[in-house]
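Each chain, letter by letter, is given below.
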Amino acid sequence: MSLQGKRIVVGISGGIAAFKAVELVRELMRRGAEVQVAMTNAATRFVGPITFAGLTGKPPVTDLWAEDYAGEVHVELGEWADAIVVAPATMNLMARAASGLADDAVLATLACARGDIFFAPAMHHRMWAHEATQANVARLIERGAVMLGPVTGTLANGEIGLGRMMEPEDIADELETQFARGDDLAGRHVLITAGPTHEDLDPVRFLGNRSTGKMGYAIASQALRRGASVTLVSGPVNLPDPRGADVVCVRAAREMHEAVMQRFEEADVVIMAAAVADYRPEQRAPRKIKKGNGLQLELVRNPDILADVGAKRGHRPAVLVGFALETENLEQAARHKLERKGADLIVANAASDGLAGDTNRATLVEASSATSLPEMSKHALANQILDRVSALLQRQPRRTATKAGPDAPN
Ligand code: C5P
């Protein structure tokens, strides 16, 4: 059994989907996990604690003030658990967790967690779409939590929308996958580029693009979770540094190029998620350019960082990953890019899907395979990419390719 010996706290908050937590507890136990339940007050209104006591053989923790808890039960549970999964996670519970409140059994245990934290949100689709929920979810993810769902389906009131809790079996599958990943990148050094580049026209204007950096930052935080040491070479973005990453801030493509060229030989894995400007103004005007009747800009090519690493790599990096944003013939164009840039994996996105959202739909293209993935969060996609990277790292012998240089045509 795949969750054999794993110690899991199931935290339950007060939503209709709380009844499904019964099934989740059973499923986790069926797969070999040892389960302890913690419930918010509201959760106990939906399902009786006695149900979980019967299933697990242990009374759920429901009240931090109960006299029969010797010592600090939340500290003990936080230390005991290999993982905590909050299912269902309501809008209210995630808001409280995001603000760092710790005034009930579930929140206090989350605050003391040693292991991984998972939330399986369940709520009406408008509550899920609410700006406050989205901001809180983003904060929780930034701090390392994993969101499992929600999924689109029938909600408690019969409407169909995005807000339904992931099915218990799927939650158990996700936990298994996370445990299997474990520290698979421990001892590996991963260099990641992220964000746009800004190519200055004058002291106040630049040419840029809409990249938010979220994809590269998600890869950085997931690689850190999986034990890697991470260097993140980032263009200008509005995102907090992933905790534990060595962040190198750059602005223009040439700075990014220099930062990567200085470091790529120390990296086992290089992942180029940045949206690097292909051109820069030939001249950067020393003073603000004055208005006239028109303005002609002379642009020159920037170095292609990915192609340069692909051409110069020897022993390291063992795995080189690029991205491709294409409007047509996605897979074919990505495969062409794979060869031309000397990469091992290209993450191909349809240009129509945009750059800025929190989700992404990608096809992972390798020399002899292509896997089309459904739309998923950038963090989930980051893990899919790292799963492939991890598999490629196991592959021997390592390649020592010298392919096309930076000036190869598109
Ligand atoms: O050729 P294209 O821009 O479509 O390739 C995209 C991939 O190449 C991305 O991984 C991007 O980070 C990388 N790239 C780069 N330097 C450039 C242009 C793209 O590293 N100047």
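Worth saying up front: this structure is predicted, and the values here are computed from it rather than measured.

*Asks:* Requested: an account of the overall build of the chain, with residues and values cited.
*Replies:* Helix and strand counts for the chain come out as 14 helices and 21 strands. A compact globule built from 410 residues should have a C-alpha radius of gyration of about 22 Å, and the chain, at 24 Å, falls within 12% of that. Expressed as a percentage of the 410 residues in the chain, the buried residues total 49%. Within the chain, contacts between residues separated by at least 24 positions form 68% of all contacts whose residues are at least 6 apart in sequence. For the chain, the distance from the average site of its 46 positive side-chain charges to the average site of its 50 negative ones is 5 Å.

*Asks:* Help me get a handle on the sheet that holds strand 3 (residues 83–89), residues and values and all.
*Replies:* The parallel open sheet is built from 5 strands, whose spatial order is 2-1-3-4-5. The sheet is open, and its two edges are formed by strand 2 (34–39) and strand 5 (146–147), each paired on a single side. Pairing of strand 3 with strand 4 (residues 116–121), which is carried by 5 bridges, proceeds in the parallel orientation. Residue pairing across strands places Val 86 opposite Phe 119, the latter belonging to strand 4.

*Asks:* Report on a nonpolar patch on the surface, specifying residues and quantitative values.
*Replies:* Residues Tyr 279, Leu 295, Leu 297 and Leu 299 make up a contiguous nonpolar surface patch of roughly 380 Å² in combined accessible area. Residue position: Leu 295 is located in the loop between strand 14 (279–281) and strand 15 (299–301). The class of Leu 295 is exposed, set by a relative accessible area of 59%.

*Asks:* Explain unusual backbone geometry to me, using residue names and the numbers behind them.
*Replies:* Note that the residue after Ala 87, namely Pro 88, is joined by a cis bond; omega there is -5°. Of note, the amide linkage connecting Arg 316 to Pro 317 takes the cis form, showing an omega dihedral of 0°. Assignment of secondary structure puts Pro 317 in the loop between helix 12 (305–312) and strand 16 (319–326). Although it is not a glycine, Asn 329 sits at a positive phi angle of roughly 45°. As for its position among the elements, Asn 329 is in the loop between strand 16 and helix 13 (330–341).

*Asks:* Mind laying out the pattern of salt bridges, listing which residues take part and the relevant values?
*Replies:* Per the stated rule, a full pass over the model turns up 26 salt bridges. One salt bridge in this structure joins Glu 167 and Lys 20, with 3.5 Å as the shortest N-O distance. Placement of Glu 167 in the loop between strand 7 (160–164) and helix 9 (168–181) and of Lys 20 in helix 1 (residues 18–30) is noted, with a sequence separation of 147 residues between them. Its relative accessible area of 30% is what places Glu 167 among the partly exposed residues. For Asp 308, the salt bridge is made with Lys 312, and the minimal N-O distance between the two is 3.5 Å. Of this pair, Asp 308 and Lys 312 both sit in helix 12, 4 residues apart, roughly one helical turn.

*Asks:* Can you break down the environment of Glu 328 residue by residue, with the values?
*Replies:* Relative to the helices and strands, Glu 328 is located in the loop between strand 16 and helix 13. Note on Glu 328: relative accessible area 58%, which makes it exposed. Taking the C-alpha atoms as reference points, Glu 328 and Val 137, separated by 191 residues in sequence, lie 33 Å from one another.

*Asks:* How would you sum up the side chain of Asp 104? Please name residues and give values.
*Replies:* Within the fold, Asp 104 resides in the loop between helix 5 (91–98) and helix 6 (105–111). Asp 104 gets classed as buried once you look at its relative accessible area, which sits at 12%. Of the polar contacts made by the side chain of Asp 104, one reaches the backbone nitrogen of Val 106; its length is 3.1 Å. Side-chain polar atoms of Asp 104 contact the backbone nitrogen of Leu 107, separated by 2.9 Å. Beyond its immediate stretch of four places on either side in the chain, Asp 104 contacts Thr 40, Leu 64 and Arg 96.

*Asks:* Break down the site of the ligand for me, with residues and values.
*Replies:* For the ligand, the set of nearby residues contains 13 residues, the closest of which are Met 272, Ala 274, Phe 323, Lys 337 and Lys 341. Backbone polar atom of Ala 274 to an oxygen atom of the ligand: 2.7 Å apart, as the coordinates give it. Take Lys 341: an N or O atom from its side chain is 2.8 Å from an oxygen atom of the ligand. In the complex, 90% of the free accessible area of the ligand, which totals 450 Å², lies under the protein chains. Those elements giving two or more residues to the shell around the ligand turn out to be helix 12, strand 16 and helix 13. Here the shell around the ligand is composed, by residue class, of 7 nonpolar, 2 polar and 4 charged.

Rules used in this analysis
Residues numbered from 1 in each chain as written. Predicted model: local features only at pLDDT ≥ 70, side-chain atom pairs only at ≥ 80, totals over all residues. Heavy atoms only, no water. Helix = DSSP H or I, 4+ residues; strand = E, 2+ residues; numbered from the N terminus. Rg over C-alpha atoms; globule rule 2.2 N^0.38 Å. Buried < 20%, exposed > 50% of the residue type's maximum accessible area, 1.4 Å probe, protein only. Contact = heavy atoms within 4.5 Å. Lys, Arg positive; Asp, Glu negative; His and termini not counted. Charge placed at Lys NZ, Arg CZ, Asp CG, Glu CD. Pairing = 2+ DSSP bridges. Patch = residues over 30% accessible without salt bridge, like charges linked within 9 Å, V, L, I, M, F, W, Y side chains within 5 Å. Areas by Shrake-Rupley, 256 points an atom, 1.4 Å probe, with all protein chains shown as cover. Salt bridge = Lys/Arg side-chain N within 4 Å of Asp/Glu carboxyl O. Polar contact = N/O pair within 3.5 Å; in protein donor to acceptor, adjacent residues only side chain to side chain. Near = heavy atom within 4 Å. Nonpolar A, V, L, I, M, F, W, Y, C, P; charged D, E, K, R; others polar.

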